[in-house]
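Architecture and fold: a report
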Amino acid sequence: MAEKEMIAAVQTAIGHMGIDDRIEEVGQFQPRGQSGALFAGGMIGSEVGGAFGDVGDAIGLGLGAIAGSAAHAASSGLPSQMLVGASASTIYGFPLAKMGRKDVPDELVFQVPRQGLTIRVHGRVNVRTLQLVQPETGARIELEGNRLPITHSNDLIKY
């Protein structure tokens, strides 16, 4: 999804929810640890499937990666794929629409005021992690964004 389409989708979504705000930047994110869970699940599936030959190895790799990713998303309490948008005052998180659909998100996962928020960014091999921490309560939202430019996660982190 192009950057302008992502911004328009999140802007429309908050408008439908009666939120009067102007979205400046949007990126695609996953719950923190999603990439590692996908990798670990794929390795385990490949090992198990490998007992049935090369085809079993390939099928096990794919199914294991899907299972690892799904299990991690379920345990995090966040959708496995999200659009995270930011305005000057607030950060919003929405589930990413299903593959191939250009619908506007209709479920707000989180809405966090930026004032007083501590934002931490850490680099990993293929992702950057983004932590949104409320210092008073210690509550945190932990996300990871792919380094590929098409996700625009780096654009949101810079913003």
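All of these numbers come straight from a predicted model, not from anything done at the bench.

About the thresholds
Residues numbered from 1 in each chain as written. Predicted model: local features only at pLDDT ≥ 70, side-chain atom pairs only at ≥ 80, totals over all residues. Heavy atoms only, no water. pLDDT = per-residue confidence, 0-100. Helix = DSSP H or I, 4+ residues; strand = E, 2+ residues; numbered from the N terminus. Contact = heavy atoms within 4.5 Å. Expected span 1.5 Å × (residues − 1). Buried < 20%, exposed > 50% of the residue type's maximum accessible area, 1.4 Å probe, protein only. Arc of directions from axis to C-beta. Pairing = 2+ DSSP bridges. Axes fitted to C-alpha atoms, helices over the stretch in contact; angles between N-to-C directions. Core = buried A, V, L, I, M, F, W, Y, C linked by side-chain atoms within 4.5 Å. Lys, Arg positive; Asp, Glu negative; His and termini not counted. Salt bridge = Lys/Arg side-chain N within 4 Å of Asp/Glu carboxyl O.

Points about the confidence of the model for the protein
In this model, the protein carries an average pLDDT of 76, and 65% of its residues clear a pLDDT of 70 or more. The weakest mean pLDDT in the protein belongs to helix 2 (residues 34–50) at 50; the strongest belongs to strand 3 (residues 90–95) at 93. Contacts from residues 34–42, a stretch scored under 50 in pLDDT, to residues over four places away or in other chains number 22 contacts.

Some remarks on helix 1 (residues 3–16)
In a regular helix each residue adds 1.5 Å, so 14 residues correspond to 20 Å; helix 1 covers 20 Å between its end C-alpha atoms and thus fits that length. Turning to helix 1, its buried residues number three or more, namely Met6, Ala9, Val10, Ala13 and Ile14. The buried side chains of helix 1 occupy one side of the element, clustering within an arc of 125° when seen end-on. Those residues of helix 1 that are exposed and aimed more than 90 degrees away from the buried face are Lys4 and His16. Taken together, the buried residues of helix 1 touch strand 1 (25–31), strand 2 (82–86) and strand 3. Just past helix 1, the residue Gly18 takes up positive phi, approximately 80°.

Details of the sheet that holds strand 4 (residues 110–113)
Taking strand neighbours across the sheet as the criterion, the seven strands line up as 4-3-2-1-7-6-5 in an open arrangement whose pairing is antiparallel. Sheet topology places strand 4 and strand 5 (118–123) at the edges, where each strand pairs with a single neighbour. If you compare each strand with its neighbour and ignore which way they point, the axes differ by 30° on average. When strand 1 meets strand 7 (residues 140–146), the two strands line up antiparallel, connected through two bridges. The residue bridging Pro31 from the neighbouring strand is Leu143, located in strand 7. Seen against the sheet, helix 1 touches strand 1, strand 2 and strand 3 and runs at an angle of roughly 85° to strand 1.

Some points on the nonpolar core
Counting residues in each nonpolar core, the largest one holds 15 residues, and the members touching the most others are Val84, Phe110 and Leu143. Looking at this core, the elements that each hand over two or more residues are strand 2, strand 4, strand 6 (127–133), strand 7 and helix 4 (153–158).

Re the pairing of strand 7
One ladder, built from seven bridges, connects strand 6 with strand 7; its direction is antiparallel. Bridge assignment links Gln131 to a residue of strand 7, and that residue is Glu142. Connecting strand 6 to the next strand, strand 7, in antiparallel fashion are six residues, including Gly138 with a positive phi near 80°.

Regarding the side chain of Glu25
Along the polypeptide, Glu25 turns up in strand 1. Although Glu25 is buried, it forms no salt bridge, and the closest oppositely charged side chain is Lys158 at an N-O distance of 9.5 Å. Once residues within four sequence positions are removed from consideration, Glu25 is found in contact with Glu3, Ile7, Val84, Gly85, Ala86, Asp155, Leu156 and Tyr159.

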